[in-house]
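As a plain string of letters, each chain reads:
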Amino acid sequence: MLGRMTISSLAGQPAPASILVNVPRLVSAYYTDHPDVAVAAERVAFGTSGHRGSAFARTFNEAHILAISQAICNYRASHGITGPLFLGIDTHALSEPAAISALEVLAANHVDVMIDRDRGYTPTPVISHAILRYNHGRTSGLADGIVITPSHNPPEDGGFKYNPTHGGPAGTDVTSAIENTANALLADALRGVRRMPHARALRASTTHVHDYIAPYTDDLGTVIDMAAIRGAGIRIGIDPLGGAGVHYWGRVIERYGIDATIVNDRVDPTFRFMSVDWDGKIRMDCSSPYAMAQLVGMRDRFDVAFANDADHDRHGIVTPTAGLMNPNHYLAVMIAYLFTHRPAWPTAAAVGKTVVSSSIIDRVSKRLGRRVLEVPVGFKWFVDGLLDGSLGFGGEESAGASFLRIDGTTWTTDKDGMIAGLLAAEIAAVLGMDPGARYVELTRDLGSPIYERIDAPATVEQKRRFKQLAPDQIEARELAGEPIRSIMTTAAGNGESIGGLKVVTDEGWFAVRPSGTEDVYKLYAESFRDRAHLEKIQTEAQAIVSRLFA
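Fair warning: this is a prediction, and the values are worked out from it, not measured in the lab.

(A) Just the overall build of the protein, in detail. Tallying secondary structure elements over the protein gives 17 helices and 23 strands in all. Counting only C-alpha atoms, the protein reaches 65 × 60 × 50 Å along its principal axes. Within the protein, buried positions represent 61% of all 550 residues. Accessible area of the protein: about 20,800 Å², with a carbon and sulfur share of 49%. Here the protein carries 53 positive and 62 negative side-chain charges, and the mean point of each set is 1 Å from the other.

Given below as structure tokens:
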């Protein structure tokens, strides 16, 4: 049977002291523990969101960051990138030490680095916005960026992401080059790393302080109708979940005169104020009902409330009618609203979605007369479309999205959970109903899907085989009593491998992909009929996978 999540008795409750990370010990491990390059798990590995790991597991230590930073410098030099590098960090305990290590290398390589003027925190979308703002109208001397964050991961984790000159997540060709160089540097005991002491790096002529907050907040009115929110008097609740945007929201409220309350302004690297997630761990996962329990409990105090993860590239929307909205549901509401309330957008601008996002998006888009670009998992696949305006919107089922400015020009090319939250307030202001109620209205015409993701065991060899699948290996012609309409191992929108399999019928579908970090595969399934139909899809999907493994 499929492996279903076991709910911890701690789920949704405040984090007990017994599970809090020992921050001094974690930071000490960052500097004193060293990876063994002979162990695959301890080498640099860029996934869909950069390199992630923990100092305790010797997967995110000083050696990794020195090597990656030098590899980025080498990449910049070989590709003629000579503009400034915008550097941002989130509030995880390992982010500050990693920023120190990175700056020591960047300064020694004579890279102009833009650090926050108050040595504060910078959300991922703000880095993307800064890169695009600097590069606008330029053809040379282009800027790029680094964001040091493991996103919503537990407090003991660290993460390191590179955004090239297009402002969005680096593609596989870029991350592979950086990864290979970094691992070669590790194997050579970091002999190829140029570095200077941190005090000198801070004083270097190439290190510049930068005001990240003002340009981003002042520009929000070009992507969100802030006047409509203010005029309607929408009451907004905002929980930064102790993340990188904690000092941004006060400026937004003051700048636009909106009726918003920051319900939690605490920053603590243990994240002790969080409700624990489904498995008893602390995660700043704004799509989890367990992690979001505290904000959900305030749902009746506000017309709309929202939270963001630690680097503010994801969103969690809470409404009086729906509580915490399913990410897929909110994506559908965003699309339905944006493409009918942005008349200046290009008439051919398409809707971007990942292969594992809900088919309610396809039904909404069809009714709007908009083309759907379905791509593999990873926001990097939306970058080009958001940059040239051929995509009006790009969204992932994991609660990440971005979209064009009101005038149809580019806003960011990375996920922006801040504008996603503010859009929920705009929707409530303009439509006179919260996004949860709007979703119910949509489903009356388009059907009400039931969507679920389940993890099931898979060996390393089995996970490898997922990536080698071909449609003709699937013998089944029906799924849960319906004719199979399509079998895909590549995304319909761009022909790129999805790293697994997707099988579609008229009223349902499933997709399977291997996990990049655990010995499991992820099974996504959806039914537009009922729970029984969904469970039948899941059962038959696992049977298909079992035959493939056999």
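(B) The environment of Thr354, seen in detail. Here Thr354 lies in strand S13 (residues 350-354). Between the alpha carbons of Thr354 and Val377 there is a distance of 5.4 Å; along the sequence they are 23 residues apart. The contacts of Thr354, once residues within four sequence positions are left out, are Glu374, Val375, Pro376, Val377, Gly378, Phe382, Gly395, Glu396 and Glu397. In this structure the side chain of Thr354 is engaged in a polar contact, spanning 2.7 Å, whose partner is the side chain of Ser357. Here Glu397 takes part through its side chain, which lies 3.2 Å from a polar atom of the side chain of Thr354.

(C) Layout of the sheet that holds strand S1 (residues 46-47). Strand order in the open sheet formed by 7 strands is S1-S2-S6-S5-S3-S4-S7, and the pairing between neighbours is mixed. At either end of the open sheet lies a strand with only one pairing partner, and these are S1 and strand S7 (207-210).

(D) Layout of helix H2 (residues 62-78). Look at H2: 24 Å from first C-alpha to last across 17 residues, which is about the 24 Å you get at 1.5 Å a residue. Counting buried positions along H2 yields 14 of 17 residues, so the element is predominantly enclosed.

(E) Main features of the confidence of the model for the protein. Per-chain confidence: the protein averages 95 in pLDDT, with 98% of residues scoring 70 or above. Counting interchain partners and residues more than four positions distant, the pLDDT-below-50 stretch residues 1-6 has 15 contacts.

(F) Highlighting the sheet that holds S13. Taking strand neighbours across the sheet as the criterion, the 4 strands line up as S14-S13-S15-S16 in an open arrangement whose pairing is mixed. Looking along the sheet, the strands with just one partner apiece sit at the ends: strand S14 (372-375) and strand S16 (400-403). With direction set aside, neighbouring strand axes in the sheet form an average angle of 15 degrees. By the bridge criterion, 4 bridges tie S13 to strand S15 (residues 391-396) in an arrangement that is parallel. Residue Gly352 lies in a different strand from S15, and its bridge partner there is Gly394.

(G) Layout of the nonpolar core. Of all hydrophobic cores here, the largest spans 65 residues; its most connected members are Ile258, Tyr330, Met334, Phe393 and Phe403. Element by element, the count of residues in this core is highest for helix H14 (residues 417-431), at 10 residues. When near neighbours in sequence (up to four residues on either side) are disregarded, Phe393 contacts Leu331, Met334, Ile335, Leu338, Phe339, Ala350, Val351, Gly352, Leu386, Ala401, Ser402 and Phe403. Grouped together as the second largest cluster of nonpolar side chains are 49 residues, Val23, Val44, Leu85 and Ala107 included.

(H) Looking closely at the side chain of Arg314. Relative to the elements of secondary structure, Arg314 occurs in the loop between strand S10 (304-308) and strand S11 (315-319). One buried charged residue, Arg314, remains without a salt bridge, the closest side chain of opposite sign being Asp309 at 4.1 Å. Within polar-contact distance, the side chain of Arg314 engages the backbone oxygen of Ser398 at 3.4 Å. For Arg314, the residues in contact, after removing those within four places along its chain, are Ser151, His152, Cys286, Ala307, Asn308, Asp309, Ser398, Ala399 and Gly417.

(I) Focus on the environment of Pro169. Take Pro169: it is sitting in the loop between strand S6 (157-163) and helix H5 (172-187). Taking the C-alpha atoms as reference points, Pro169 and Ala305, 136 residues apart in sequence, are found 28 Å from one another.

(J) Highlighting the packing of helix H11 (residues 327-338) against helix H12 (residues 360-368). Packing of H11 against H12 leaves a shortest axis separation of 9 Å and a crossing angle of 10 degrees. One way to sum up the angle between H11 and H12 is to call them roughly parallel. Facing H11, whose interface residues are Asn328, Leu331, Ala332, Ile335 and Ala336, H12 presents Ile360, Ile361, Val364, Ser365 and Leu368. Of the residues belonging to the contact of H11 with H12, the class tally is 8 nonpolar, 2 polar and no charged.

(K) Spatial organisation of the side chain of Ser128. If you trace the backbone, Ser128 turns up in helix H4 (residues 124-135). A relative accessible area of 0% means that Ser128 is categorised as buried. A polar atom in the side chain of Ser128 sits 3.1 Å from the backbone nitrogen of Thr413. Those residues in contact with Ser128, other than ones at most four positions away along the chain, are Gly167, Thr412, Thr413 and Asp414.

(L) Just the pairing of S6, in detail. With respect to burial, S6 is a largely interior element, 7 of its 7 residues being buried. On S6, burial covers both faces: Asp157, Gly159, Lys161 and Asn163 on one face and Gly158, Phe160 and Tyr162 on the other are all buried. In the sheet, strand S5 (residues 144-148) pairs with S6 via 3 bridges, with the strands oriented antiparallel. Along S6, the bridge assignment pairs Ile146 with Tyr162.

(M) Focus on the pattern of salt bridges. Applying the stated rule across the entire model yields 30 salt bridges. Salt-bridge contacts for Arg119 lead to Glu96; the nearest nitrogen and oxygen are separated by 3.6 Å. You can see Arg119 sitting in the loop between strand S4 (113-116) and H4 and its partner Glu96 sitting in helix H3 (residues 95-108), a full 23 residues away along the chain. Residue class for Arg119 comes out partly exposed when judged on its relative accessible area of 41%.

(N) Region of the structure containing H11. Between its terminal C-alpha atoms H11 stretches 16 Å, which fits the 16 Å expected from 12 residues at 1.5 Å a residue. A large share of H11 lies buried, amounting to 11 of its 12 residues. Among all positions in H11, only Pro327, Asn328, Tyr330, Leu331, Ala332, Val333, Met334, Ile335, Ala336, Tyr337 and Leu338 are buried. The N-cap of H11, judged by a side-chain oxygen 2.8 Å from the amide nitrogen of Asn328 a few residues on, is Asn326.

(O) Spatial organisation of the packing of aromatic side chains. Evaluated as defined, the whole model comprises 15 aromatic pairs. On the basis of an interplanar angle of 80 degrees and a centroid distance of 6.4 Å, the ring pair of Tyr216 and Tyr248 is categorised as edge-to-face. Here the residue Tyr216 occupies a position in helix H7 (residues 213-219), and Tyr248 occupies one in the loop between strand S8 (236-239) and helix H9 (249-256), the gap between them amounting to 32 residues. Accessibility expressed as a relative area gives 0% for Tyr216, which makes it buried. Tyr248 sits in the buried class, given a relative accessible area of 1%.

The rules behind the values
Residues numbered from 1 in each chain as written. Predicted model: local features only at pLDDT ≥ 70, side-chain atom pairs only at ≥ 80, totals over all residues. Heavy atoms only, no water. Helix = DSSP H or I, 4+ residues; strand = E, 2+ residues; numbered from the N terminus. Buried < 20%, exposed > 50% of the residue type's maximum accessible area, 1.4 Å probe, protein only. Areas by Shrake-Rupley, 256 points an atom, 1.4 Å probe, with all protein chains shown as cover. Lys, Arg positive; Asp, Glu negative; His and termini not counted. Charge placed at Lys NZ, Arg CZ, Asp CG, Glu CD. Contact = heavy atoms within 4.5 Å. Polar contact = N/O pair within 3.5 Å; in protein donor to acceptor, adjacent residues only side chain to side chain. Pairing = 2+ DSSP bridges. Expected span 1.5 Å × (residues − 1). pLDDT = per-residue confidence, 0-100. Axes fitted to C-alpha atoms, helices over the stretch in contact; angles between N-to-C directions. Core = buried A, V, L, I, M, F, W, Y, C linked by side-chain atoms within 4.5 Å. Salt bridge = Lys/Arg side-chain N within 4 Å of Asp/Glu carboxyl O. Parallel < 35°, antiparallel > 145°, perpendicular 65-115°, else oblique. Nonpolar A, V, L, I, M, F, W, Y, C, P; charged D, E, K, R; others polar. Phe/Tyr/Trp six-rings, centres within 6.5 Å; stacked < 30°, edge-to-face > 60°.

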